[in-house]
Amino acid sequence: MQQADIHFSTHGRAGLIELDRPKALNAISYEMAMAISTQIEHWSADAEITHILIAGSTPRAFCAGGDVRDLYQHITRGEFDRTRVYFRAEYNADLDVFNCPKPVVALADGIVMGGGAGLMQCSHYRIASSTTRFAMPESAIGLFPDAGASIFLGRCPRPMALFIGFAGQIISAADCMMLGLADAVVPAEQIADMRTDLLACDVTAIDDVIARYRTDPGAAPLQAHRTVIDHVFSGDDLAAMRDRAGELAQLRGDEFAAMLSAALSTRCPMTMHVFLRLIDGGVDIPDMAAALAMDYRLAIRMSERADFSDGVRAVLVDKTNDATWSPARLEDVTPAMLDAVFDHAGLPVLR
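Residues numbered from 1 in each chain as written. Predicted model: local features only at pLDDT ≥ 70, side-chain atom pairs only at ≥ 80, totals over all residues. Heavy atoms only, no water.

### Re the pattern of salt bridges
And step 1. The final tally for this structure, using the stated rule, is 18 salt bridges.
And step 2. Close ionic contact of aspartate 310 with arginine 313 constitutes a salt bridge, the shortest N to O distance being 2.7 Å. Of this pair, aspartate 310 and arginine 313 both sit in helix 15 (residues 306-317), separated by three residues, roughly a single helical turn.
And step 3. You can call arginine 313 buried: its relative accessible area is 17%.
And step 4. Note that aspartate 318 and arginine 313 form a salt bridge whose closest N and O atoms lie 3.0 Å from each other.
And step 5. Residues joined in a network through salt bridges with shared partners are Arg242, Asp243, Arg329, Glu331 and Asp332. (Salt bridge = Lys/Arg side-chain N within 4 Å of Asp/Glu carboxyl O. Helix = DSSP H or I, 4+ residues; strand = E, 2+ residues; numbered from the N terminus. Buried < 20%, exposed > 50% of the residue type's maximum accessible area, 1.4 Å probe, protein only.)

### Focus: the sheet that holds strand 1 (residues 6-11)
And step 1. If you trace the six strands from one edge of the open sheet to the other, you get 1-2-3-5-7-9, paired in mixed fashion. Both edges of this open sheet fall to strand 1 and strand 9 (184-186), since each of them pairs with a single strand only. Across the sheet, the mean angle separating the axes of adjacent strands is 20 degrees when strand polarity is ignored.
And step 2. Sheet topology places strand 5 (residues 104-108) next to strand 7 (residues 125-129); four bridges connect them, and they run parallel. Directly across from alanine 108, in strand 7, lies its bridge partner alanine 128.
And step 3. Packing of helix 1 (residues 30-45) onto the sheet brings it into contact with strand 1, strand 2 (14-19) and strand 3 (51-56), and relative to strand 1 it is tilted by some 20 degrees. (Pairing = 2+ DSSP bridges. Axes fitted to C-alpha atoms, helices over the stretch in contact; angles between N-to-C directions. Contact = heavy atoms within 4.5 Å.)

### Re the environment of asparagine 92
And step 1. Summarising the element assignment, asparagine 92 is placed in helix 3 (residues 80-99).
And step 2. The spatial distance from the C-alpha of asparagine 92 to the C-alpha of alanine 289 is 9.4 Å, given a sequence separation of 197 residues.
And step 3. Residues contacting asparagine 92, with those up to four places away along its chain left out, are Ser37, Leu350 and Arg351.

### Digging into the sheet that holds strand 4 (residues 61-63)
And step 1. Here three strands make up an open sheet; going across it, the order is 4-6-8 and the pairing parallel. At either margin of the open sheet sits one strand with a lone partner, and together these are strand 4 and strand 8 (133-135). Pairwise comparison of adjacent strand axes, ignoring direction, gives a mean angle of 15 degrees for this sheet.
And step 2. Sheet topology places strand 4 next to strand 6 (residues 111-113); two bridges connect them, and they run parallel. Note on strand 6: the bridge partner recorded for cysteine 63 is valine 112.

Structure, rendered in structure tokens:
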């Protein structure tokens, strides 16, 4: 299934999925997600294909996430059924990559955000480059860190997981290695050569090829802020986390703490409460399949709230960053409100 913004090709016994939507930073459309699932199914059954690569068409971005601009258009027209169809396609594509019986290698060069992070994390080999910029920015648009984030961020130290999920800040390849979000880091200028060698190699030589190109990314920049992150993101009171960050910023003039304070004060309160419950085990999520199934139903609930449409408008459409959240503050989100988001009675299942 070939289309303009995603390409599939075979190279000897390797299959290549190339995301080619550079103007949208390779954001995944419904059609692209469906095509990934179809091709993974085909190659899984093809004895001639032994391994699969997923890559972006340009060094700037692996994938910036799902096509939320398109979702916004559907929501503003009240076409919520279309958003359900989209999320099902996106999460099923992630699950098909995760369940593929053949090794899938993600060459996550450049921008890796949201749904792009999910696609990377569901792959069997997660290769970052020296220019990888990884983030889960959903708290800025009123969604939630999805695409299996409760599993792959859930494996990180809790304060780090909350920092990534709440603040939505970009982290580096070295940070990804420190947190177990990448299996290797390769110099960006060597990604193209590594891709060529991976496409040409025998499946048994994948590890050797990766070892040949991998490099030491150096110290993780987040380490310099570890004490602040651990202090701010302790306990389970989100408003107290915000206040601790504000106090550190005021008393010490700490710019990093000031950034955390601003993020916890201005990003979507419901998003942060939802993610806290996911990370703290308030729901049963034993594996990636369960995580994506949960994400599908949560995405339906969250995308139908006014927070999501206004968040996308403010960040991606008007670019005014003036979303109006409801509730407006972290302390205004009640357990009953949160329970309603996690009440999935009557909602469809992922598969």
